[in-house]
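Below are the chains, spelled out letter by letter.
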Amino acid sequence: MKTLSAAESATPDPATHQGLGMGALISTVVTSCVGGGIFALASDLAIAASPGPALIAWGLVGFGILMLALCLNNLVLKRPDLDGIFSYAEEGFGKYTGFISGWGYWISAWMGTVAFATVMMNAMGYFFPIFNGANKFPTVIFASIVLWLVTLLVNRGIESASFVNAIITICKLIPLFTFIVVALLLFKVNVFTAHFWYNVGDNLSGAGSISAQIKRCFIIMMWVFVGIEGATMLASRAKKKSDAGKATLIGLFCILGLYMLASILPYGYLSRNALATIHQPGMVYIFREMVGPWGGALISGGLIISTLGSWISWTMLPAETTRLMAKRHLLPAIFGKANRYGVASFSLVLSSVLIQFFLLSLLITDRAYQIAYSMCTVAVTICYILVAAYQIKYSIQHFREKGSGFQLTVGLLALTFECTAVYFSGIKYLILCTIAYIPGTILYLMARREVGDQVDLSRKEWVSMSAILTCGLLAIVFVLMGRLVI
């Protein structure tokens, strides 16, 4: 998982001012989406499912993400005037809905950074056992130092140059392709097929049934596609706008193929039980089993560099998101106030404080990575649902235009998929997200007061606010009572 910041997607690159060609667009789609999540994919997926259900889940998720990408591409082409993914929700359904989308995207952005931090420290443990033991204190200390160093660098306006991104991409893709080639050479059909469906004889409602396994795959697979919106936002920078849609389709199939190979091929080398219990990040230790210590070192080194690059990008992203929201008066003006380097310092520091809080959770739980990517995925899916909803509304409003019927169908399929994904991924994470909307809604009302139209809130907005705040308060009560366990 990796994405482009709003600044990166909105600001033309001088080197590409004449427009991005098809090859550059396809490359952007792949590199903007493939991140640290793929390195833990095989072991995470083995916990959830056997190879047969996992393959079915990949087909379903791939189709659903394709529908979402087509929605984003269509809206970028039809509404290039809208800035930021949350602007579709605001344009279609009002300011408070725009806030809901933007706040969800912000939650997703800094939660994603927590996930990067945990997976990076696990990779560090391969070289330095102090980060790989039962004592999590050194891990939290080192991760915290990296967090605040990155925050300091970003606060001074330091962004990744193109050559740095190129190095990070090479360090990411070379280990991945090496792993896939070796996994293909060592693939054993008898191991792969030994428990292909695991317990196909169970009824469809059983805990280990095919349907249950597919359901458990969803949040893992959705996580690695977080960031797909960054690629489709580059349509305005293409030499031909029609190339953007084609590149998105080709890039998505490349990403899906890469994910499927990286996660499914290990089933042909180790049993599901072995994969499910292997140390994280799974790819590091699977490759060490295949080729020896140098394999683990190769994957770990690539993962550390790749994750650090993603960490820098995702440190900028939450601050950029809240800056754009402040610009549209969805958050108080202080969130958009920039320092002399053009960075929204208040937003940046606030996000880092929250990340620090969740890093401390490493001291009390071994599930920090799973919790972080689950919350990140569900939070960003809120935005995706609203994108699909606006695609539907826009298509209905312009139904007489050529292709509107197709775009309406795409929107309906994307909305159905995203809602299903939230349900499969765990309603409890959605409920937990509403807790964060309590302070967020207060900030939204403060922003409306700043521009003097707090009395213009519609009845629909008040009803929506009341429902979200009630859900958030109930979530707090249930957590304190122990009835809602993370």
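Residues numbered from 1 in each chain as written. Predicted model: local features only at pLDDT ≥ 70, side-chain atom pairs only at ≥ 80, totals over all residues. Heavy atoms only, no water.

On to the packing of helix 6 (residues 95-127) against helix 20 (residues 459-481). The N-to-C vectors of helix 6 and helix 20 enclose an angle of 35 degrees; their axes lie 9 Å apart at closest approach. In this structure, helix 6 uses Lys95, Tyr96 and Ile100 to contact helix 20, whose residues at the interface are Glu461, Ser464, Met465 and Ile468. Among the residues forming the contact of helix 6 with helix 20, the class breakdown is four nonpolar, one polar and two charged. (Axes fitted to C-alpha atoms, helices over the stretch in contact; angles between N-to-C directions. Helix = DSSP H or I, 4+ residues; strand = E, 2+ residues; numbered from the N terminus. Contact = heavy atoms within 4.5 Å. Nonpolar A, V, L, I, M, F, W, Y, C, P; charged D, E, K, R; others polar.)

On to the pattern of salt bridges, then. Applying the stated criterion across every chain yields a total of four salt bridges. Residues Asp81 and Arg79 are paired through a salt bridge, measuring 2.7 Å at the closest nitrogen-oxygen approach. On the basis of relative accessible area, Arg79 is assigned to the buried category, the value being 15%. Here Glu90 ties to Arg328 by a salt bridge, and the two come within 2.7 Å at their closest N and O atoms. Within this pair, whereas Glu90 is found in helix 5 (residues 87-93), its partner Arg328 is found in the loop between helix 15 (293-327) and helix 16 (345-359), the two being separated by 238 residues in sequence. Take Glu90: its relative accessible area is 12%, and that puts it in the buried class. By relative accessible area, which is 23% here, Arg328 ends up partly exposed. Residues participating in the shared-partner salt-bridge network are Arg79, Asp81 and Glu91. (Salt bridge = Lys/Arg side-chain N within 4 Å of Asp/Glu carboxyl O. Buried < 20%, exposed > 50% of the residue type's maximum accessible area, 1.4 Å probe, protein only.)

What follows is about the packing of aromatic side chains. Aromatic ring pairs are defined here through the distance separating the ring centres and the angle between the ring planes. Tallied over the entire structure, the rule returns 28 aromatic pairs. Ring centres of Trp103 and Trp106 lie 4.4 Å apart, and the angle between their planes is 35 degrees; this geometry places the pair in the tilted category. Here Trp103 and its partner Trp106 are both found in helix 6, three residues apart, which amounts to about one turn of the helix. Comparing Trp103 with Trp106, the two get one shared label, buried. Taken together, the ring pairs in this structure connect Tyr96, Phe99, Trp103, Trp106, Trp110, Phe357, Phe358, Tyr437 and Tyr444 into an aromatic cluster. (Phe/Tyr/Trp six-rings, centres within 6.5 Å; stacked < 30°, edge-to-face > 60°.)

The quantities given are spatial measurements derived from coordinates; they are silent on function.
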